[in-house]
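Breakdown of the fold
Okay, here's what each chain looks like letter by letter:
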Amino acid sequence: MVNVARIPNWINGQNSLPESNAWLDKFNPHSGELLCHAADSSAADAKLAIVAASNAFPGWSELTPVKRGQILFDIVNLMKQRSGELAECIAVETGKPPQDAKGEVGGAILQAEYFASEGMRLYGRSLSSGTPGKYSHTIRQPRGVAGLIVPANTPIANIAWKTFPALICGNSVVMKASEDSPRIAYIFAQLTKDAGLPDGVFNVIQGRGQPAGAALVEDPQVTVISFTGSTGVGRWIAEVGGRRLARVSLELGGKNPFVVCDDADLDQAVHWAILSAFSNAGQRCAAGSRILVFKEIYEEFRDLFVTKAKSLKLGVDAVCDLGPVINKRQQQNIIAAIEKSKTEGGRVLCGGTAPSDPKLAKGYYVQPTIIEGLQPSAALSCEEVFGPVVTLHPVDNLADALRLANSTEYGLTAAIHTRNVDRAMWFAQRVKAGVANINLGTFGSEPHMPFGGFGASGNGTREPGIEALDVYSELKNISFFTRSNMI
Ligand code: NAD
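Worth saying up front: this structure is predicted, and the values here are computed from it rather than measured. (Residues numbered from 1 in each chain as written. Predicted model: local features only at pLDDT ≥ 70, side-chain atom pairs only at ≥ 80, totals over all residues. Heavy atoms only, no water.)

Of note, the amide linkage connecting Gln-210 to Pro-211 takes the cis form, showing an omega dihedral of 15°. With respect to the helices and strands, Pro-211 occurs in helix 7 (residues 209-218). The peptide bond linking Glu-463 to Pro-464 adopts the cis configuration, its omega dihedral lying at -5°. Residue placement: Pro-464 occurs in the loop between strand 19 (435-438) and helix 15 (468-472). Not every positive phi belongs to a glycine, and Asn-12 is a case in point at roughly 55°. With respect to the helices and strands, the residue Asn-12 is situated in the loop between strand 2 (9-11) and strand 3 (14-16). We note that Asn-280 has phi near 55°; this positive angle belongs to a residue other than glycine. Its place among the elements puts Asn-280 in the loop between helix 9 (266-278) and strand 14 (288-294). (Helix = DSSP H or I, 4+ residues; strand = E, 2+ residues; numbered from the N terminus.)

And the structure:
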């Protein structure tokens, strides 16, 4: 692993120290020990990166998409070669067990491969015309400097998710790394240089959302902003970016419903409910954090689900199911939300606190927590917690399940478990969600599938999938006229 106690910005292919020489502390979520310091960048630092990206843009955008794709494939190959180093870094920075970190790197590589190969498929359309002799076609053109802002929950996947479509379309990039996962962004930046990406095409700014991330949102040279993070920040970005007519793509929060019908395969339903609620310690925008169960099987499902949740192992070893949450503030927020739910009638069926195991005492752990008895309007029933906490709600029938599923402001993912195809399709058609899964978890998509949410989960864009190209490129319609009298 690259050993840098201080993680600087990466601008124009080299380290760049923050102008104020201010640094943020980054702690190991498992041990609570200081891991490193990351540049606490100012708006002026961000501007340096924007200028570098702007200067690199003409050269990068002039390359053919096929050539850009070849360079991106060189990055993919290095990611494969260094996948162990990448996974180790993620495991330490986020506290996720090693198999999860490895899986995430694999997902990021798939994402990268998919968009690198788009270099040979950056197709337009050929169009018919009402004018004799006139021919038209569309082409995709890059937008300029892309400001990419990411969270820490799946850091290398988040980086790949935005970087590769932005680059294949011919944009240059300033990435605002998460303050909770600074090193992986730095390692990735170095790797792009080693793979031959020209200096200035990919830059990284470390630091806090305000001022470092906000500087990207406010700068007129940043023509496309892609943000993954909380809905509150997303709203601000939509306002500020919208005022200057930047293209803004928002991937925001979720409070995703998981429905269990009375004809479901209960073992499968429990298996997927556990993964949906607790994988990555519940720090997933797509986490299944509300489980809606037909009343006929409510108690049977609940008892199986609680038994399984109690058997999950916390820690950072390969035998563990989930690690800590990302930082102490987040651990405290989650436990406070659980405490508040008790005052609203919530009954904690398991978990509810940090674990008592002394080996985990210094880490930011929260036990897998299941709560029942809350009204659908209670805070924990409708607000995102971003931790291993799930609420259980009995429902009378499918219409009742749909009503509850659609009762929050979010609309990211949803799942239903049933053996009845009529029920499954009725629900999937009507649920307010960008992703609807049948007999699966509330998981996102594969690299070639569009992902994004209805309502407060986004602003209507979809990344990844071919739809991501619409975020990162402009369409131009070119027409030409041939004179038939010249023949
Ligand atoms: P966050 O909104 O606090 O921060 C996300 C990123 O935005 C960080 O890099 C942060 O520094 C930056 N930021 C914060 N304020 C900013 C501002 N004013 N201007 C510019 N940048 C700013 O979110 P978080 O707590 O780090 O991440 C968890 C959230 O992300 C959850 O709501 C989760 O649902 C969401 N998320 C969504 C998806 C998705 O695809 N829909 C995926 C993962 C996470």
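What follows covers the site of the ligand. Surveying the vicinity of the ligand reveals 26 residues, the closest of which are Val-150, Glu-179, Ser-230, Leu-252 and Glu-384. Glu-179 is positioned with one of its side-chain polar atoms (N or O) 2.7 Å from an oxygen atom of the ligand. Residue Gly-209 places a main-chain N or O atom 3.2 Å away from an oxygen atom belonging to the ligand. The protein chains hide 85% of the 850 Å² of surface that the ligand would expose on its own. Among the secondary structure elements, those contributing two or more residues to the shell around the ligand are helix 7, strand 11 (222-228) and helix 8 (231-243). Top contributing element to the shell around the ligand by residue count: helix 7, with three residues. The class makeup of the residues in the shell around the ligand is 13 nonpolar, eight polar and five charged. (Near = heavy atom within 4 Å. Polar contact = N/O pair within 3.5 Å; in protein donor to acceptor, adjacent residues only side chain to side chain. Areas by Shrake-Rupley, 256 points an atom, 1.4 Å probe, with all protein chains shown as cover. Nonpolar A, V, L, I, M, F, W, Y, C, P; charged D, E, K, R; others polar.)

With that out of the way, let us pick up the environment of Thr-442. In this structure, Thr-442 sits in the loop between strand 19 and helix 15. In this structure, the C-alpha to C-alpha distance between Thr-442 and Phe-258, residues 184 residues apart in sequence, is 6.9 Å. In this view, Thr-442 contacts Asn-256, Pro-257, Phe-258, Ser-276, Arg-284, Ala-286, Ala-287, Gly-288, Thr-413, Ala-414, Ala-415 and Asn-437; residues no more than four positions away in its chain are not counted. A polar contact is formed between the side chain of Thr-442 and the backbone oxygen of Ala-286, at a distance of 2.7 Å. (Contact = heavy atoms within 4.5 Å.)

By the burial criterion, the buried members of helix 7 are Ala-212, Gly-213, Ala-214, Ala-215, Leu-216 and Val-217. Each element contacted by the buried residues of helix 7 is listed here: helix 1 (43-62), strand 8 (145-149), strand 9 (172-176), strand 10 (202-205), strand 11 and helix 8. (Buried < 20%, exposed > 50% of the residue type's maximum accessible area, 1.4 Å probe, protein only.)

Time to look at the sheet that holds strand 4 (residues 23-27). The three strands lie next to each other as 1-5-4, forming an open sheet whose pairing is mixed. Where the open sheet ends on each side, the last strands, each with one partner, are strand 1 (6-7) and strand 4. Direction of pairing for strand 4 relative to strand 5 (residues 34-39): antiparallel, over a ladder of five bridges. From the neighbouring strand, Phe-27 faces strand 5, where its bridge partner is Leu-34. Packed on one face of the sheet, helix 6 (residues 182-194) meets strand 1, strand 4 and strand 5 and runs near 60° to strand 5. (Pairing = 2+ DSSP bridges. Axes fitted to C-alpha atoms, helices over the stretch in contact; angles between N-to-C directions.)

Below, the discussion takes up the sheet that holds strand 19. What holds strands together in a sheet is hydrogen bonding between their backbones, with the strands either parallel or antiparallel. With mixed pairing, seven strands are arranged side by side in an open sheet as 15-16-17-14-13-18-19. Here the strands that pair on one side only, and so sit at the sheet edges, are strand 15 (347-350) and strand 19. The average angle at which neighbouring strand axes cross in this sheet is 25°, direction not considered. The pairing of strand 15 with strand 16 (residues 369-372) spans three bridges and is antiparallel.

As a further point, take helix 10 (residues 298-310). Here helix 10 is 13 residues long and its end C-alpha atoms lie 18 Å apart, about the 18 Å a rise of 1.5 Å per residue gives. Every buried residue belonging to helix 10 is among Tyr-298, Phe-301, Arg-302, Phe-305, Val-306 and Ala-309, and all of these are buried. End-on view of helix 10: buried residues confined to an arc of 125°, all on one side of the axis. Those residues of helix 10 that are exposed and aimed more than 90 degrees away from the buried face are Glu-299 and Thr-307. Looking at the packing, one finds that the buried side of helix 10 touches strand 13 (256-260), helix 9, strand 14, strand 15, strand 16 and strand 17 (389-395). (Expected span 1.5 Å × (residues − 1). Arc of directions from axis to C-beta.)

Now for the pairing of strand 14. With seven of seven residues buried, strand 14 is to be regarded as a mostly interior element. Bridge count for strand 13 against strand 14 is five bridges, and the pairing is parallel. What sits directly across from Asn-256, in strand 14, is Gly-288. One crossover worth recording links strand 13 to the parallel strand 14 by way of helix 9, and it is right-handed. Bridge analysis of strand 14 against strand 17 gives five bridges, and the strand direction is parallel. Within strand 17, the residue paired with Val-293 across the bridge is Pro-394. (Right-handed = clockwise from strand over helix to strand, strands pointing away.)

Split into domains, the protein chain comes out as domain 1 (5-252 + 458-476) and domain 2 (257-438). Summarising the inter-unit geometry, the C-alpha centres of domain 1 and domain 2 are found 31 Å apart. Both sides of the domain 1 and domain 2 interface together cover about 1,600 Å² of buried area, and 49% of this is carbon and sulfur. By the criterion of area lost to domain 2, the three top residues of domain 1 are Pro-29, His-30 and Asn-153, representing 31% of everything that side buries. Applying the counting criterion to the domain 1 and domain 2 interface returns one salt bridge. Its salt-bridge partner being Glu-409, residue Arg-235 comes within 3.1 Å of it at the nearest N-O pair. If you look at where domain 1 meets domain 2, you find ten residue pairs in polar contact (both at pLDDT 80 or more). Contributions of two or more residues to the side of domain 1 that touches domain 2 are made by strand 4, helix 3 (83-94), helix 4 (98-117) and helix 8. If you tally residues by element for the side of domain 1 that touches domain 2, the top one is helix 4, at three residues. When the residues that make up the side of domain 1 that touches domain 2 are grouped by side-chain class, the tally is six nonpolar, ten polar and seven charged. (Domains from an automatic or database assignment. Buried area = accessible area lost by both parts, 1.4 Å probe. Salt bridge = Lys/Arg side-chain N within 4 Å of Asp/Glu carboxyl O.)

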